[in-house]
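Understanding the architecture of this molecule
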Amino acid sequence: QVQLVESGGGLVQAGGSLRLSCAASGRTFSSSAMGWFRQAPGKEREFVATINWSGDSTYYKDSVKGRFTISRDNAKNTVYLQMNSLKPEDTAVYYCAARRGPTYSASYSGYDYWGQGTQVTVSS
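Residues numbered from 1 in each chain as written. Predicted model: local features only at pLDDT ≥ 70, side-chain atom pairs only at ≥ 80, totals over all residues. Heavy atoms only, no water.

What about the side chain of Asn52?
- Following the sequence through the fold, Asn52 ends up in the loop between strand E5 (46-51) and strand E6 (58-60).
- Of the residues examined, Asn52 reaches a relative accessible area of 9% and is grouped as buried.
- Once you skip the residues sitting within four places of it in the chain, Asn52 turns out to touch Ala33, Ser57, Arg72, Pro102 and Tyr104. (Helix = DSSP H or I, 4+ residues; strand = E, 2+ residues; numbered from the N terminus. Buried < 20%, exposed > 50% of the residue type's maximum accessible area, 1.4 Å probe, protein only. Contact = heavy atoms within 4.5 Å.)

Shown next, in the form of structure tokens:
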């Protein structure tokens, strides 16, 4: 069993930055691929970024490429999402997710564990 706790959300002006963190419990973190998803009001949850078990392979939603960076620290059981040049359309609840396998995935159904989410609000 893996438990995930996100933090770092908040209110920021357009063009600003935030760094989200996701702390994971459980001994399988270092062998698990991780992902970030988001859900805006009235919309479906969507993929944002994913990283493989070792951190040397990543994949992003097109609209966040060049602005967001996913990374992980296996010694700290933590995955991060650095978000720069934020836009109002990035406003959403951001969720951290973990897979049982080591390879990354952009699919919602590919994840086995989810955090409770953290709110990110970008004002114009």
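What to know about the pairing of strand E11 (residues 118-123)
- In E11, alternate side chains face the same way, and those of Thr118, Val120 and Val122 are buried while those of Gln119, Thr121 and Ser123 on the opposite face are not.
- Bridge count for strand E9 (residues 92-98) against E11 is three bridges, and the pairing is antiparallel. Bridge assignment links Ala92 to a residue of E11, and that residue is Val120. (Pairing = 2+ DSSP bridges.)

Here's the deal with the packing of aromatic side chains
- Here the structure, examined in full by the defined rule, presents eight aromatic pairs.
- Judged by centre distance (5.8 Å) and plane angle (75°), the rings of Phe37 and Phe47 are edge-to-face. You can see Phe37 sitting in strand E4 (residues 34-39) and its partner Phe47 sitting in strand E5, a full 10 residues away along the chain. Each member of the pair, Phe37 as well as Phe47, is classed as buried. (Phe/Tyr/Trp six-rings, centres within 6.5 Å; stacked < 30°, edge-to-face > 60°.)

Quick notes on the nonpolar core
- Core analysis: the largest hydrophobic core is formed by 28 residues, its most contacted members being Leu4, Met34, Trp36, Leu81, Met83 and Tyr94.
- Put simply, the parts of the chain that give this core at least two residues each are strand E3 (18-24), E4, E5, strand E7 (68-73), strand E8 (78-83), E9 and E11.
- With near-sequence residues (within four places) excluded, Leu4 lies in contact with Cys22, Ala23, Ala24, Met34, Cys96, Ala97, Ala98, Tyr113, Trp114, Gly115 and Gln116. (Core = buried A, V, L, I, M, F, W, Y, C linked by side-chain atoms within 4.5 Å.)

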